[in-house]
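For reference, the chains in residue letters:
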Amino acid sequence: MINKEKKNKTRIFIVDDDPDYLLATKTILEKNSYECYSAYSAKEFLGKVKDVKPDLILLDVMMESDIAGLVVVNKLRNPDRDSEFYEVSRVPILIVTSMQEVMKVNISEIAGTKLLPVDGFLEKPVKYEELLAKVRSLTKTVSLEELLAKAQKPSEDAMKLHPFYRGKLSVIPKCCIRNFDDFAIWYTPGVAAPCKDIYANPEKVYEHTNKSNFVAIVSDGTRVLGLGNIGPEASLPVMEGKAILFKYLGGIDAFPICIDAHEPEDIITFCKWLTPTFGGINLEDIAKPKCFHILDTLRKEMRIPVWHDDQQGTAAVTLAGLINALKIVGKSKEEVKIAMIGAGASNIAISRIMIVAGFPPENIIMVDTKGILHEGRRELNTPETKEKWNMCIISNKEGRKGGIAEAMKGADVCISLSTPGPDVIKKEWVASMNKDAIVFVCANPVPEIWPWEAKEAGARIVATGRSDFPNQVNNSLGFPGIFRGTLDVMASTITDEMCIAAAYELAKCAEDKGLSEDYIIPRMNEFEVFPREAVAVGMKAIEQGIAKIIMTREELYKKSSSIIRKARAEVDSLQNQGFIELPEPENE
């Protein structure tokens, strides 16, 4: 929540049926220049809160009965747009309770609805300094300058730490080396035995080598992040970063291969040449329209799974966020109108996956650099732009024309993966959307509109591609778990249905923790996301008959979680022992 400059003091509303505690808390806060309001019951509070419009609510979760405080949280966290409590639904709630047993139970389960995360807990009685520090942290005014500085911080850190490490990836053995005699096993003469075994039985390559866990990240550097055609050398830092995400999040040994080849047929041939070594290929940052042809051809002709993360990965994660966002606003996939800003590989793939998942294509309006796609755009009826032309035919039942402004008017959802912002999308365009608007602005490194501006314009839920804002729609939530599940069952390809299964499991992971407007999709630090996603993908591959290994759900979870835990433990061990040097902490 962004607090603007106020003429008056910051307002705190304290709700507690203990008069002594309430008075003591008011005294502490008023001495520190806060303006305090109070109520001794849920009914009294609910009658006052919409008029007070506080900046923070200090709530005893139990109050006068076992569920009174939970009723308050329910009403404030899940209001309809027309509710009398809608204007205060985003106010931080700091729960203060002396009932320690309550602290062990998910409040959303008691309340009968998914509410968490709320803004924190404090036990009662609480130390003066701790209470004050927590209140200050939740009511701190954040200036535009501070927000912009925060947005620039990752880039500043990257320029310091990339030269510090001179690359993010290395190759280390996974076999034991007890002494120099072991090289006779791992190399000549012993290695001849497994070589002969593979020659006689080609599938044994998965048993004797790392092929079953080895993924090639192939890029020509023609469409990098939001940077465009920067070439293979400049794209290498991105591919190295991708490789360490594969390892840490999915336990997968991935290797970046940036190639100085740009013709589609050359890239196709190169990927086929890699088949003997790798168990899968991740195409990355390849420009459209050739990326469509390359992926389609390789999926048909390769014996190992091939996937384009900018297409399938982005689609899966976006769908997961959208599933939960629609739950929060109470709208159905069959009815919502969706404006899609950008007609590149990502949005084309997102639209395809959404349609397979049950979103009617006629309710989608897609915009490219020349305007809305419609049947009058005859210049798109070419082999090179066949994906756009297909959208011209199947989408936009209203036959809208114009640009971004016209596409967004009256839309329920905006999904934008276009030009880095800000100011690509205007506040007034967001304001023209339907109530309870959902806005995904996922351009990197800067979203098409700053999230706080979209909120001020009336958007109820805003997602970006950045980790420093809520609701990060990040491919890193998708490809490690999806590839983990694919490799674990040795699936021959990655189907759209496998991606949709991953999306629904991602959405369920967040729902299990408790949805909110600032939490529609899991975060990367939630371990269980990746093995759960791997299981969903693996089970779907088994169901579709494209898996070589058949396992139960329990066996798949045990296998994937064990591999991922081991990968993280390896990194932790290298850091703890100093083999991965930690940078010096910054001076505050």
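Basis of the calculations
- Residues numbered from 1 in each chain as written.
- Predicted model: local features only at pLDDT ≥ 70, side-chain atom pairs only at ≥ 80, totals over all residues.
- Heavy atoms only, no water.
- Helix = DSSP H or I, 4+ residues; strand = E, 2+ residues; numbered from the N terminus.
- Buried < 20%, exposed > 50% of the residue type's maximum accessible area, 1.4 Å probe, protein only.
- Contact = heavy atoms within 4.5 Å.
- Areas by Shrake-Rupley, 256 points an atom, 1.4 Å probe, with all protein chains shown as cover.
- Core = buried A, V, L, I, M, F, W, Y, C linked by side-chain atoms within 4.5 Å.
- Phe/Tyr/Trp six-rings, centres within 6.5 Å; stacked < 30°, edge-to-face > 60°.
- Pairing = 2+ DSSP bridges.
- Axes fitted to C-alpha atoms, helices over the stretch in contact; angles between N-to-C directions.
- 1 Å grid on protein atoms, 1.4 Å probe; cavity = no way out; pocket = protein on both sides within 12 Å on 5 of 7 lines; lining within 4 Å.
- Points joined across faces, edges and corners; volume = space filled by probe spheres on them.
- Nonpolar A, V, L, I, M, F, W, Y, C, P; charged D, E, K, R; others polar.
- Right-handed = clockwise from strand over helix to strand, strands pointing away.
- Salt bridge = Lys/Arg side-chain N within 4 Å of Asp/Glu carboxyl O.
- Arc of directions from axis to C-beta.

Side note on the overall build of the protein
(1) Moving on: Looking only at helices and strands, the protein has 23 helices and 15 strands in total.
(2) Moving on: The buried share of the protein, taken over its 588 residues, is 51%.
(3) Moving on: Long-range contacts, defined as pairs at least 24 residues apart, comprise 71% of the intrachain contacts of the protein with a sequence gap of at least 6.
(4) Moving on: For the protein, the exposed surface amounts to about 27700 Å²; the carbon and sulfur share of it is 54%.

Description of the nonpolar core
(1) Moving on: Membership of the largest hydrophobic core comes to 105 residues, with the highest contact counts inside it found for Ile-281, Leu-283, Leu-319, Ile-338, Met-354, Ile-415 and Phe-440.
(2) Moving on: Broken down by element, this core gets its largest block of residues, 11 residues, from helix H14 (residues 309-329).
(3) Moving on: In contact with Phe-440, other than residues within four places in its own chain, are Thr-318, Gly-321, Leu-322, Cys-414, Ile-415, Ser-416, Ala-463, Val-473 and Ile-520.

Considering the packing of aromatic side chains
(1) Moving on: Going through the model one piece at a time under the given rule, you end up with 11 aromatic pairs.
(2) Moving on: Look at Phe-13 and Tyr-37: their rings are 6.4 Å apart centre to centre, the planes differ by 35 degrees, and that puts the pair in the tilted class. Here Phe-13 is found in strand E1 (residues 11-15), whereas its partner Tyr-37 is found in strand E2 (residues 35-39), with 24 residues between them in sequence.
(3) Moving on: The class for Phe-13 is buried, based on a relative accessible area of 0%.
(4) Moving on: Pairing Phe-214 with Phe-278 gives two aromatic rings, centres 4.6 Å apart and planes at 35 degrees, and the pair type is tilted. Taken together, the positions of Phe-214 in strand E6 (residues 214-219) and Phe-278 in the loop between helix H12 (264-273) and strand E8 (280-283) put the pair 64 residues apart, joining distant regions of the chain.
(5) Moving on: Of the residues examined, Phe-278 reaches a relative accessible area of 6% and is grouped as buried.
(6) Moving on: Site record: aromatic cluster; members linked through ring pairs are Phe-246, Trp-307, Phe-479 and Phe-483.

Brief notes about the sheet that holds strand E14 (residues 437-441)
(1) Moving on: Read from one edge to the other, the open sheet built from six strands follows the order E12-E11-E10-E13-E14-E15, with strand pairing classed as mixed. Single-partner strands in this sheet number two, and they are strand E12 (371-372) and strand E15 (459-464).
(2) Moving on: Of the strand pairs in this sheet, E14 and E15 are connected by five bridges, and their pairing is parallel. Looking at the pairing, Ile-438 lines up with Ile-461 of E15.
(3) Moving on: H14 rests against strand E13 (413-416), E14 and E15 of the sheet, and its axis sits at about 160 degrees to E14.

Some thoughts on the sheet that holds E6
(1) Moving on: Here we have four strands laid out as an open sheet, ordered E7-E6-E8-E9, and parallel in their pairing. Two strands in the sheet have a free side with no partner beyond their single neighbour: strand E7 (253-258) and strand E9 (306-308). Pairs of neighbouring strands in the sheet enclose a mean axial angle of 20 degrees, with direction left out of account.
(2) Moving on: As defined by bridge partners, E8 adjoins E9 across three bridges and the pair is classed as parallel. Paired with Leu-283 across the two strands is His-308, which belongs to E9.
(3) Moving on: Relative to the sheet, helix H11 (residues 231-250) contacts E6, E7 and E8, its axis offset from that of E7 by approximately 170 degrees.
(4) Moving on: Contacts between helix H13 (residues 290-301) and the sheet are confined to E8 and E9, with E9 contributing the most and set at about 160 degrees to the helix.

Here's the deal with empty space enclosed by the protein
(1) Moving on: Under the criterion given, the structure shown has two cavities of 30 Å³ or more.
(2) Moving on: Looking at the largest cavity, its volume works out to about 100 Å³.
(3) Moving on: Contributing to the lining of the largest cavity are Tyr-206, Ser-212, Gly-279, Arg-303, Ile-304, Pro-305, Thr-486, Leu-487, Met-490, Ala-491, Ser-492 and Lys-548.
(4) Moving on: Split by residue class, the lining of the largest cavity holds six nonpolar, four polar and two charged.

Observations regarding the pairing of E2
(1) Moving on: Note that E1 and E2 share five bridges and pair parallel. Paired with Arg-11 across the two strands is Glu-35, which belongs to E2.
(2) Moving on: Considered for its hand, the β-α-β crossover made up of E1, helix H1 (residues 19-31) and E2 is right-handed.

Let's talk about the pattern of salt bridges
(1) Moving on: Scanning the entire structure with this criterion turns up 32 salt bridges.
(2) Moving on: The shortest N-O distance in the salt bridge between Arg-460 and Asp-436 comes to 3.5 Å. With Arg-460 in strand E15 and Asp-436 in the loop between helix H18 (427-431) and E14, this pair connects stretches of sequence that are 24 residues apart. For the pair formed by Arg-460 and Asp-436, the shared burial category is buried.

Let's talk about the pairing of strand E3 (residues 56-60)
(1) Moving on: Within E3, five of the five residues are buried, which leaves it mostly tucked inside the rest of the structure.
(2) Moving on: Residues Leu-56, Leu-58 and Asp-60 point to one face of E3 and Ile-57 and Leu-59 to the other, with burial holding for every one of them.
(3) Moving on: For E1 and E3, the ladder comprises four bridges, and the chain directions are parallel. For Val-15, the partnering residue across the bridge sits in E3 and is Leu-59.

So, helix H6 (residues 128-138)
(1) Moving on: Along H6, the residues that are buried comprise Leu-131, Leu-132, Val-135 and Leu-138. All buried residues of H6 project into a common sector of 135 degrees when viewed along the axis, lining one side.

Brief notes about the side chain of Ser-351
(1) Moving on: Relative to the assigned elements, Ser-351 resides in helix H15 (residues 345-356).
(2) Moving on: Residue Ser-351 is classed as buried on the basis of its relative accessible area, which comes to 1%.
(3) Moving on: Every residue in contact with Ser-351, bar those within four places of it in the chain, is listed here: Met-340, Ile-364, Met-366 and Met-391.

Thoughts on helix H16 (residues 386-394)
At 3.6 residues per turn, the α-helix brings residues three or four places apart onto the same side.
(1) Moving on: Restricting attention to buried positions, one finds in H16 the residues Glu-387, Lys-388, Trp-389, Met-391 and Cys-392.
(2) Moving on: Among the structural elements, H13, H15 and strand E11 (364-368) are those in contact with the buried residues of H16.

With respect to the environment of Thr-495
(1) Moving on: Position of Thr-495 relative to the elements: it lies in the loop between helix H20 (479-488) and helix H21 (496-513).
(2) Moving on: Residue Thr-495 is classed as buried on the basis of its relative accessible area, which comes to 12%.
(3) Moving on: Counting along the chain gives 51 residues from Thr-495 to Ile-546, while the straight-line C-alpha distance between them is 9.5 Å.
(4) Moving on: Discounting chain neighbours no more than four positions away, the residues touching Thr-495 are Arg-299, Gln-544 and Ile-546.

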